[in-house]
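Survey of secondary and tertiary structure
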Amino acid sequence: TVVLTADDQFIVSGSGSFEPDPLFKFDYSVRVFEASSGLPLLKLPLPTLKLNQGHLLGVTCVAVNDDATMIISGGYDKAVCLWDMTTGKMLNRLGGLVDVPTLNSTIREESRTGHTKAVTGVGFFTMPDSDVLQVA
C-alpha cells in the first residue's frame, strides 16, 4: 500500500505478506520516502529490542494526516499502529497479535482487544478541535 502526503512532499508505503516469515525475507515495515528524489527517510519501526513494536505480519494500509506529522497503519496481524512521522516513534499499538516472552522463547498470541480479522483500511478525518483516526 502507498500514499502521497497532501503537500506532495513524502511517499509512505507498507510492506510484507499475510504469512508469517520464518526466513525473515519480509520486514513488515512502514517506510517514508522523499517524493522528489525517492530518498528513503524512515523505516518503521525503528530498531529496538522491545517486543511488539510495529506489525508482526504484512502492512495492508497506511494513511497520513493533513500536516504530515502522523502515520496510521493497519495490517494482517489485526493491529493498528500510530506513528510520529517526524521522529519515527510508535505512539500507540491497538489490538492485534502480540509476542509474549516465555522462559525459553517467545510465543505469539491473539490480543483480547481489537479486530478479529486483518485491518484493511485506515484514515484520518479532521474534526474542529482534533485529529481522530478511523479504522475499517
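Structure: above.
Below is a short write-up of the structure.

About the cut-offs
Residues numbered from 1 in each chain as written. Predicted model: local features only at pLDDT ≥ 70, side-chain atom pairs only at ≥ 80, totals over all residues. Heavy atoms only, no water. Pairing = 2+ DSSP bridges. Helix = DSSP H or I, 4+ residues; strand = E, 2+ residues; numbered from the N terminus. Axes fitted to C-alpha atoms, helices over the stretch in contact; angles between N-to-C directions. Salt bridge = Lys/Arg side-chain N within 4 Å of Asp/Glu carboxyl O. Buried < 20%, exposed > 50% of the residue type's maximum accessible area, 1.4 Å probe, protein only. Core = buried A, V, L, I, M, F, W, Y, C linked by side-chain atoms within 4.5 Å. Contact = heavy atoms within 4.5 Å.

1. With respect to the sheet that holds strand β8 (residues 90-94)
Overall, antiparallel pairing links the 4 strands, which are arranged β5-β6-β7-β8 in an open sheet. Looking at the sheet topology across the chains shown, the edges are occupied by β5 (59-64) and β8. Taken pair by pair, the neighbouring strands of this sheet meet at an average axis angle of 15°, ignoring direction. In the sheet, strand β7 (residues 80-84) pairs with β8 via 4 bridges, with the strands oriented antiparallel.

2. A short note on the sheet that holds strand β3 (residues 30-34)
Strand order in the open sheet made by the 4 strands is β1-β2-β3-β4, with antiparallel pairing throughout. If you trace the sheet from one side to the other, it starts and ends with β1 (2-4) and β4 (40-44), each paired once. The average angle at which neighbouring strand axes cross in this sheet is 15°, direction not considered. The pairing of strand β2 (residues 10-14) with β3 spans 5 bridges and is antiparallel. In the strand pairing of β3, Ser13 is matched with Arg31.

3. Details of the pattern of salt bridges
Under the defined criterion, the tally for this structure stands at 4 salt bridges. Where Asp27 meets Lys43, a salt bridge forms, and the shortest distance between an N and an O atom there is 3.4 Å. Of the two residues, Asp27 sits in the loop between β2 and β3 while Lys43 sits in strand β4, which places them 16 residues apart along the sequence. For Asp27, a relative accessible area of 29% puts it in the partly exposed group. Looking at Lys43, the relative accessible area reads 40%, which means it is partly exposed.

4. Some words on the nonpolar core
Among the nonpolar cores identified, the biggest contains 14 residues, and Val12, Val30, Ile71, Trp83 and Met85 are the most heavily contacted of them. For this core, the secondary-structure elements that each account for two or more residues are β3, β4, β5 and β7. Ranked by residue count, the leading element in this core is β5, at 3 residues. Residue contacts for Val30: discarding those within four places in its chain leaves Val12, Ser13, Gly14, Leu42, Lys43, Leu44, Val59, Val62, Ile71, Ser73 and Trp83. Ranked by size, the runner-up nonpolar core spans 8 residues in total, among them Cys61, Ala63, Val119 and Val122.

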